[in-house]
2 protein chains.
Amino acid sequence: MNRYCVIMAGGIGSRFWPLSKNNYPKQFLDILGTGKSFIRSTYERFLPLVPPENFVVVTNAAYKDLVLQQLPEIKAENVLCEPMRRNTAPCIAYAVYHILSQSPEASIAVTPADHLVTNEVEFQRIIGRGMDFVEQNREALMTIGIKPSRPETGYGYIEVDTKPGDAIVPVASFKEKPDLATAKRFLAAGNFFWNSGIFLWSTDAIMGAFRQYLPDLVRLFDGGKDSFGTPQEQSFINAQFEHCENISIDYGVMERSQCRYTVAADFGWSDIGTWGSLYTHAAHDEAQNAVSGNAVVVDTSNSVINIENGYEAIVQGLDHCLVALRDHSLLVCRLDDEQQIKHWVEKLG
Amino acid sequence: MNRYCVIMAGGIGSRFWPLSKNNYPKQFLDILGTGKSFIRSTYERFLPLVPPENFVVVTNAAYKDLVLQQLPEIKAENVLCEPMRRNTAPCIAYAVYHILSQSPEASIAVTPADHLVTNEVEFQRIIGRGMDFVEQNREALMTIGIKPSRPETGYGYIEVDTKPGDAIVPVASFKEKPDLATAKRFLAAGNFFWNSGIFLWSTDAIMGAFRQYLPDLVRLFDGGKDSFGTPQEQSFINAQFEHCENISIDYGVMERSQCRYTVAADFGWSDIGTWGSLYTHAAHDEAQNAVSGNAVVVDTSNSVINIENGYEAIVQGLDHCLVALRDHSLLVCRLDDEQQIKHWVEKLG
């Protein structure tokens, strides 16, 4: 099998404080109470498509043990450690050079570690078909589009020329996060899809695109070409990674390429990027609260109550609020104001 | 010195959950952030009047170590352990029999362990004068009245016949907790005072009253008279205490006696019986929040935020609420509904 899966797991998840903290980011947590962390679910979702030894996880050195603890089946040398964060283009280049040292003609699925998919069968059908496609079209860069269910302003969109049905079709353009009016127009038009951040390509296609659109990045990694797959790989990365341009794969490659494809998928996807999206996807009690943990909830509605095991809580008299308690840290706030969490955390002594 | 101080410290403080729990009740906590627990403050408040070896603490066996830890100066044999709670009359009888074994002609101040006094100089003046009085009037039962500052419905009241000024005067009657209209009338009248639960008397006076009004209690304790002050005291108490009538000293003795006195004191007293009274006595920020602990408080007003050392908290978007976090337990509720806390705690799994 020449199919690889690259799981990008370097995020620090500050939007989910206090559940997600620097020392234990969101991808390692079971925020939805499914019994599995996001990264474990991601791994299992790809497992019918990719053999365990072909999973590559890119993360921060601080999380290497967590990755191996949650994914004991994968090879330790396939847990790649970024010394610092440099956005998705350098992250993916690192993984691709590592894979090239093992397999010069691979096809690769790249995925964030912390997304939710509720229909795994459909997911595997779509991804399997996409990998067939990029193996037959070795210049194609494919990104998975998601059929929008609401005028979401928190995601980027992919435009295609005509409504694609179930087919894999060329991308017409990528759209940044829209305002609400634009998002409503996208939804009504039927030829705009959410950009899931899941990519499929062959090593030929992505290396060709890197050479064409990010030549400095290629020059930097080529300087250590012989070290990939050897004990010298990490010291090369530690010395050079900081010099990579901080640029996303969307902006650095996908928006510039002329050979990009998408599909309009519908497999119950969410990036669970906010407490609000967690609220949307969690089970609700009769007062529309999403409650997890040992909590007595009284006279409270439309709220998220998330109490870590080992704690107990009484919550009374709230509406549209968030109460999260984990690891000696408490957050009580209005759900509508959750985008401020990052700023409040900075104020903590 | 024949002066004794009996500190009643058997309460479990369920109204202050989660700060105060069965294993760590309110009297052992520094709820107000003064740097000292209530029982320690109580001890130090009486120390200019009573020598350390004459302090007697009545508590539950479960709290004996806590008492000795917080009051290392007192004698271990003066920490009396009730096997179960039987209200204040048996508690005080136990202490009086214990004191009689050391000193047959003592004068005794009895005090709850968990009250606040802000003017200790005035407190010591009032209590010192009261102890002189009960030493000169060896049949007198004295209770300390507090000049009311508001029409409080949470306290019992002491009525005297005329406005007493600074004098020690006879009690006309005791009044149960009044409704608001009655409390307003008491406040306006000027001859009604809060019943502080602090008592002063000689051993002669209290033993005479016990014999007259609670003969069953005297009979029970007389049955173990020789054991008090000996190693047999605890086993006698363990065997017999449960047979004591569950009755308060107010109802069992003070309301029946004809020889009772009071004084209208003004030394900044509160029983800190509720979160609301804690709010009243704590320092406030500019948004009228009483905040203690490592907390970032945003867009929140008129609230109590009480975060134990070792925890951190962000609290946003609340008004007239209580947020208390201690010992792996969280309470978030409206301050107006705090009388329900006990019921919610019972619901916790």
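Treat the numbers as computed from the prediction; the structure is a model and nothing was measured.

Asks: Go over the overall build of chain A with me, naming the residues and quoting the values.
Replies: Counting its secondary structure elements, chain A contains eleven helices and 18 strands. For chain A, the C-alpha radius of gyration of 21 Å lies close to 20 Å, the compact-globule estimate for 349 residues. Residue pairs at least 24 apart in sequence account for 67% of intrachain contacts in chain A once pairs closer than 6 positions are excluded. Just so you have it, chain A exposes about 14000 Å², and 47% of that area is on carbon and sulfur atoms. Side-chain charges of chain A comprise 30 positive and 42 negative groups, with the mean position of each set lying 4 Å from the other.

Asks: I'd like a rundown of the relation of the copies chain A and chain B, residues and numbers included.
Replies: Superposing chain A onto chain B takes a rotation of 179 degrees combined with a translation of 0.1 Å along the rotation axis, leaving an RMSD of 0.1 Å. Here the two chains are linked by the operation of a two-fold rotation axis.

Asks: Residues and numbers for the sheet that holds strand β14 (residues 294-298) of chain A, please.
Replies: Read across the sheet, six strands follow the order β14(A)-β16(A)-β18(B)-β17(B)-β15(B)-β13(B) without closing on themselves; strand pairing throughout is mixed. The open sheet has two free edges, formed respectively by β14 of chain A together with β13 (290-292) of chain B, since each of these has just one partner strand. Going across the sheet, the axis of each strand differs from the next one's by a mean of 5 degrees, ignoring polarity. As defined by bridge partners, β13(B) adjoins strand β15 (residues 304-307) of chain B across three bridges and the pair is classed as parallel.

Asks: So what about unusual backbone geometry? Which residues, and what values?
Replies: Residues and elements named next belong to chain A. Residue P18 is bonded to the preceding W17 through a cis peptide linkage, with omega at 5 degrees. The phi torsion at Q288 lies on the positive side, around 65 degrees, for a residue other than glycine. Structurally, Q288 is set in the loop between α10 (275-281) and β13 (290-292). Under the relative-accessibility criterion, Q288 is labelled partly exposed at 37%.

Asks: How would you sum up the packing of helix α3 (residues 88-100) of chain A against helix α7 (residues 215-222) of chain A? Please name residues and give values.
Replies: Residue and element names in this part refer to chain A. Look at α3 against α7: their axes get within 11 Å of each other, and the N-to-C directions meet at 40 degrees. Considering the angle they form, α3 stands oblique to α7. Considering how the two elements wind past one another, α3 and α7 form a crossing that is right-handed. On α7, the residues that touch A89, P90, A93, Y94 and Y97 of α3 are L217, V218, F221 and D222. For the contact of α3 with α7, the residue count by class is eight nonpolar, no polar and one charged.

Asks: Describe the packing of aromatic side chains, and please don't skip the residues or the numbers.
Replies: As enumerated under the stated definition, the model contains 37 aromatic pairs over all chains in all. Centroid distance A:F16 to A:W275: 5.0 Å. Interplanar angle 55 degrees. Geometry classified as tilted. Here A:W275 lies in helix α10 and A:F16 lies in the loop between β1 (3-8) and α1 (38-46), a separation of 259 residues in the sequence. On the basis of relative accessibility, which here comes to 0%, the residue A:W275 falls in the buried class. Ring geometry for B:Y157 versus B:F186: centroids 5.0 Å apart, planes at 55 degrees, classification tilted. Remark: B:F186 occurs in helix α5 (residues 180-189) and B:Y157 occurs in strand β7 (residues 157-159); sequence separation between them is 29 residues. Comparing B:Y157 with B:F186, the two get one shared label, buried.

Asks: Hey, could you go over the pairing of strand β10 (residues 192-202) of chain B for me, with residue numbers and the actual values?
Replies: Residue and element names in this part refer to chain B. With respect to burial, β10 is a largely interior element, eleven of its eleven residues being buried. Relative to β10, strand β4 (residues 107-112) runs antiparallel, the two sharing four bridges. When the sheet's bridge partners are listed, V110 is paired in β10 with F199. Here strand β6 (residues 141-146) pairs with β10 via five bridges, running antiparallel. Residue pairing for β10: L141 is matched across the bridge by W201. With three bridges connecting them, β7 and β10 associate as antiparallel partners. The partner of E159 across the bridge, within β10, is F192.

Asks: Lay out helix α7 (residues 215-222) of chain B with the relevant residues and their values.
Replies: Residues and elements named next belong to chain B. Of all the residues in α7, the buried ones are L217, V218, L220 and F221. Considered in projection along α7, the buried side chains sweep an arc of 160 degrees and stay on one side of the axis. More than 90 degrees from the buried face of α7, the exposed residues found are D216 and R219. Those residues of α7 that are buried lie in contact with α3 (88-102), α6 (203-213) and α8 (233-240).

Asks: Mind laying out the pattern of salt bridges, listing which residues take part and the relevant values?
Replies: All names here are of chain A. Applying the stated rule across the entire model yields 38 salt bridges over all chains. A salt bridge links D327 to K21; its shortest N-O distance comes to 3.5 Å. Of this pair, D327 sits in the loop between β17 (321-326) and β18 (329-334) while K21 sits in the loop between β1 and α1, placing them 306 residues apart in sequence. Residue K21 is classed as buried on the basis of its relative accessible area of 13%. Three or more residues are tied together by salt bridges with common partners; here these are K36, R40, E44 and E73.

Asks: Could you give me a rundown of the interface of chain A and chain B, with the residues and numbers involved?
Replies: Counting residues at the interface gives 31 residues for chain A, matched by 31 residues for chain B. For the chain A and chain B pair, buried surface summed over both sides reaches about 2800 Å², with 60% attributable to carbon and sulfur atoms. Across the chain A-chain B interface, the total number found is four salt bridges. Ionic pairing is found between B:K21 and A:E312, a salt bridge with its closest N-O pair at 3.6 Å. Elements with a minimum of two residues in the side of chain A that touches chain B: β14, β16 (312-316), β17, β18 and α11 (341-347) of chain A. In terms of residues, the side of chain A that touches chain B owes the most to one element, β18(A), which gives six residues.

Asks: Go over the confidence of the model for chain A with me, naming the residues and quoting the values.
Replies: Predicted confidence across chain A gives a mean pLDDT of 94, with 100% of residues reaching 70 or more. Scoring of the predicted complex yields 0.77 for pTM and 0.76 for ipTM.

Asks: Give a detailed account of the sheet that holds β13(A), specifying residues and quantitative values.
Replies: Within a sheet, neighbouring strands are paired by backbone hydrogen bonds and run either parallel or antiparallel to one another. An order of β13(A)-β15(A)-β17(A)-β18(A)-β16(B)-β14(B) is seen for the six strands of this open sheet, with the pairing classed as mixed. Each end of this open sheet is capped by a strand with a single partner; those strands are β13 of chain A together with β14 (294-298) of chain B. For this sheet, the mean angle separating the axes of adjacent strands, direction not counted, is 5 degrees. Examined bridge by bridge, β18(A) and strand β16 (residues 312-316) of chain B share four bridges and lie parallel to one another. Directly across from A:L331, in β16(B), lies its bridge partner B:I314.

Asks: Report on the packing of helix α6 (residues 203-213) of chain A against α7(A), specifying residues and quantitative values.
Replies: Residues and elements named next belong to chain A. Running from amino to carboxyl end, α6 crosses α7 at an angle of 115 degrees, the nearest separation of the two axes being 5 Å. One way to sum up the angle between α6 and α7 is to call them roughly perpendicular. Where α6 approaches α7, its residues F210, R211, Q212 and Y213 are matched on the opposing element by P215, L217 and V218. For the contact of α6 with α7, the per-class residue count stands at five nonpolar, one polar and one charged.

Asks: Any chance you could break down the environment of A:T88 for me, citing the residues and the numbers?
Replies: Residue and element names in this part refer to chain A. On the secondary structure map, T88 appears in helix α3. Residue T88 is classed as partly exposed on the basis of its relative accessible area, which comes to 22%. For the pair T88 and K175, spaced 87 residues apart in sequence, the C-alpha separation works out to 18 Å. Look past the residues within four positions of T88 in its chain and what remains in contact with it is M8, I247, S248 and I249. Polar contacts involving the side chain of T88 include one to the main-chain amide nitrogen of I249, which spans 2.8 Å.

The rules behind each value
- Each chain has its residues counted from 1, running along the sequence as written.
- In the order they appear in the text, chains get letters beginning with A and ligands get numbers beginning with 1.
- Confidence filtering applies because this is a predicted model: local features only for residues at pLDDT of at least 70, side-chain atom pairs given and counted only at 80 or more, and all residues used for totals across whole chains, interfaces and linings.
- The side-chain quantities take in all heavy atoms of the structure and omit both hydrogens and water.
- Secondary structure elements follow DSSP: runs of H or I of four or more residues count as helices, runs of E of two or more count as strands, with numbering from the N terminus.
- For the radius of gyration, the atom set is restricted to C-alpha positions; the globular benchmark scales as 2.2 Å times the number of residues to the power 0.38.
- Contacts are assigned to residue pairs with any non-hydrogen atoms lying within 4.5 Å of each other.
- We get accessible surface area from the Shrake-Rupley algorithm with a probe of 1.4 Å; when it comes to residues, only the shown protein chains can shield them.
- Charge convention: Lys and Arg are scored as positive, Asp and Glu as negative, and His as well as the terminal groups of each chain are ignored.
- To locate a charge, take atom NZ for lysine, CZ for arginine, CG for aspartate or CD for glutamate.
- The copies are overlaid by a least-squares fit using only the C-alpha atoms of residues whose pLDDT is at least 70 in both copies.
- Here, a strand pair is defined by DSSP locating no fewer than two bridges between the strands.
- Helix axes are fitted to C-alpha atoms over the stretch in contact, other axes to C-alpha atoms as well, and angles between N-to-C directions run from 0 to 180 degrees.
- Each residue is placed in one exposure class: buried if its accessible area under a 1.4 Å probe, protein chains only, is under 20% of its type's maximum, exposed if it is over 50%, and partly exposed if it falls in between.
- By definition in this entry, angles of less than 35 degrees are roughly parallel, angles greater than 145 are roughly antiparallel, angles of 65 to 115 are roughly perpendicular, and the rest are oblique.
- The sense of a crossing depends on the near helix, which, turned anticlockwise from the far helix by less than a right angle, makes the crossing left-handed and, turned clockwise, makes it right-handed.
- Three classes are used: nonpolar for Ala, Val, Leu, Ile, Met, Phe, Trp, Tyr, Cys and Pro, charged for Asp, Glu, Lys and Arg, and polar for all others, with Gly counted as polar.
- Only centres within 6.5 Å qualify two rings of Phe, Tyr or Trp (six-membered ring in Trp) as a pair; their planes then separate them into stacked at under 30 degrees, edge-to-face at over 60, and tilted for everything else.
- What the arc measures is the spread of directions leading from the helix axis to the C-beta atoms.
- When a carboxyl oxygen of Asp or Glu lies within 4 Å of a side-chain nitrogen of Lys or Arg, that pair is called a salt bridge.
- By buried area we mean how much accessible surface two parts lose on assembly, using a 1.4 Å probe and totalling the loss over both.
- Each residue gets a pLDDT score, which is the predictor's confidence in that residue and runs from 0 to 100.
- A 3.5 Å cut-off defines polar contacts: any pair of N or O atoms within that distance qualifies, except that in protein one atom must be a possible hydrogen donor and the other a possible acceptor, and neighbouring residues in sequence count only when both atoms are side-chain atoms.

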